[in-house]
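Topology and contacts: notes
Spelled out from the first residue to the last, the chains are:
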Amino acid sequence: MSISETDHAEIRRRRTFAVISHPDAGKTTLTEKLLLYGGAIQLAGSVTARQNQRKATSDWMELEKQRGISISSTALQFEYGGCMLNLLDTPGHQDFSEDTYRTLMAADSAVMLLDNAKGVEPQTKKLFHVCRRRSIPIFTFINKMDRAGLEPLALMEELEEVLGIRSVAMNWPIGDGTAFRGVFDRMTRQVLLFERTQHGAYRAPVQVSSLADPSLEKLIGPQAAETLRQDIELQDEAGEELDMDRVLRGELTPLFFGSAVTNFGVEPFLNTFLSMAPFPTHRNAEEGEVSPFEPDFRGFIFKIQANMDPQHRDRIGFMRVVSGRFERDMVVTNSRTGKPVRLSRPMKLFGNERLLMEEAYPGDIVGLTNPGAFTLGDTLYTGSAVSFHEIPRFPPERFAILRNTRTDKYKQFQKGIDQLTEEGVVQTFYEPEAARREPILGGVGRLQLEVVQYRLQSEYGVETTMEELPHNAARWVAAGPDGVLPEKWLASMRSVVDCDGSRVVLFEGEWSIRYVKELHPNIEFLESPPPPAAA
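Residues numbered from 1 in each chain as written. Predicted model: local features only at pLDDT ≥ 70, side-chain atom pairs only at ≥ 80, totals over all residues. Heavy atoms only, no water.

**Notes on the packing of helix H2 (residues 27–37) against helix H10 (residues 266–276)**
One way to put it is that H2 packs onto H10 with a least axis distance of 10 Å and a crossing angle of 75 degrees. As judged from the angle between their axes, H2 and H10 are roughly perpendicular. Contacts between H2 and H10 involve Leu30, Lys33, Leu34 and Tyr37 on the former and, on the latter, Val266, Glu267, Phe269 and Leu270. (Axes fitted to C-alpha atoms, helices over the stretch in contact; angles between N-to-C directions. Helix = DSSP H or I, 4+ residues; strand = E, 2+ residues; numbered from the N terminus. Parallel < 35°, antiparallel > 145°, perpendicular 65-115°, else oblique. Contact = heavy atoms within 4.5 Å.)

This is the structure in structure tokens:
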């Protein structure tokens, strides 16, 4: 059995990608401008706008609006240029890297956003390496060209030296800072000059010229025209050549220059990106590769989000469609439980807005109401059994004991902790011998722990206090050949269990980890939890 020509065409026009960046590189602004040019919105609102201006479309949580940052990942779908785009908007804040890492598992390509003045920053490096491990194509957008920054050649050298990836310039900036006038498109050999619009809220008009145009000197000035011609000649002779095979293997990154806040270069980038980015490809499962063109339906849950609708207090499982056609009310099997599940209320989400979804194709993101039926990493399928590789978890670096201050709210407190842990907002641990069952929260940053407190109060009506712990590393422990674990560890260490009952030890530093490894050479210390079957 094969799929129809219509289904085949629908798959080929899908583009599923994420935008990755360090905090404050302009990711949410770029996301909004992509929506603006895609026609999904008519007026862009920046997170840096004043309180009386529009809030960022992709941010829905009240805390995000208060702080002007993206905390939770969202999925945005819109059409542009004959393509159906699934944009996975991920948190840029460094405290939320684990949620970002998981969301990257659902992407087929990534747009790496760099600050013109700061180049490659720490969070960018972490996210880049997640993409590199999956060998997915990476497209680089150098942002904030309307501000003074590093030379374009210096930025290209930094990409190679810091990230180990070569770049090919798809366009070239004309000036920078207040002198930034536009870009030269190396593919079309056209000079694209832009006019500023009010707050960058509307599509920027474009003037098109060429390097040979005698009026170029009048448009940008004699010095800028001469510099541009020299730069382009250098790139043509000595620069990297575009090799799509290397791009699709994640070995070469196409490079674009622009300014998201003023719209300079955004539309040319989007047009070129869509022509180069891959449509959905095969995915690795335990049973082998799964092609998007297989007729049987397969998908996996890469994110759980609770209480997106405050009026309903529901939970949404975000599912990436891998193969086959998804249809409303279809019955699938959950590979984890082996039980059938009817998917009766599928939704397409746009920020906090939701629309009922009748069908979806490989590459699409479907929101599924989740009455406890799904967990992170679940595979849903029809036909022969399949199970995609587990969604990764990462060792937390910040820990705190969370205490409920209202005994009459115990049920709400426990429900909130269970649901937020299920979402992957934090990892939760317990001391097995403690007199009181008080959760120890683990996250990659303090703000991540604060979000739990905020959401417990705003969504579950529970007030809490938090006591930070001195530990900064967690290791899952597995007994050696003798099958015995120590009864006591160092005084500075804390022995706990995770939600699956696996033994975990919290350390105060790398020195203590090394010391304990020397004391107990037969014990395995793992940076991530063991597979569920071994738990």
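So much for the structure itself; the text now carries on.
**So, the pattern of salt bridges**
Applying the stated criterion across every chain, the model contains 28 salt bridges. Among the salt bridges present, the one from arginine 398 reaches glutamate 468, with a minimum N-O distance of 2.9 Å. Remark: glutamate 468 occurs in strand S27 (residues 464–468) and arginine 398 occurs in strand S24 (residues 398–404); sequence separation between them is 70 residues. Residue arginine 398 is classed as partly exposed on the basis of its relative accessible area of 31%. Aspartate 408 serves as the salt-bridge partner of arginine 406, at 3.0 Å between the closest nitrogen and oxygen. With relative accessibility at 53%, the residue aspartate 408 sits in the exposed group. Salt bridges here are not isolated pairs; linked through shared partners, they connect Glu10, Arg13, Arg14, Glu79 and Asp364. (Salt bridge = Lys/Arg side-chain N within 4 Å of Asp/Glu carboxyl O. Buried < 20%, exposed > 50% of the residue type's maximum accessible area, 1.4 Å probe, protein only.)

**Some thoughts on helix H6 (residues 152–163)**
Here H6 contains 12 residues, and its C-alpha end-to-end distance of 16 Å stays within 8% of the 16 Å for a straight helix at 1.5 Å per residue. Three or more residues of H6 are buried, namely Pro152, Leu155, Met156, Glu158, Leu159 and Leu163. Taken around the axis of H6, the buried residues stretch over an arc of 155 degrees, which confines them to a single face. In the segment just after H6, glycine 164 is the residue with positive phi, at about 75 degrees. (Expected span 1.5 Å × (residues − 1). Arc of directions from axis to C-beta.)

**Section: the packing of helix H11 (residues 410–423) against helix H12 (residues 446–460)**
Contact geometry of H11 with H12 gives a least axis separation of 10 Å together with a crossing angle of 125 degrees. As far as their axial angle goes, H12 and H11 are oblique. Of the two elements, H11 crosses H12, and the hand of that crossing is right-handed. Contacts from Gln412, Phe413, Lys415, Gly416, Ile417, Gln419, Leu420 and Glu423 of H11 reach H12 at Val452, Arg455, Leu456 and Tyr460. Tallied by class, residues from the contact of H11 with H12 come to six nonpolar, three polar and three charged. (Left-handed = near helix turned anticlockwise from the far one by under 90°. Nonpolar A, V, L, I, M, F, W, Y, C, P; charged D, E, K, R; others polar.)

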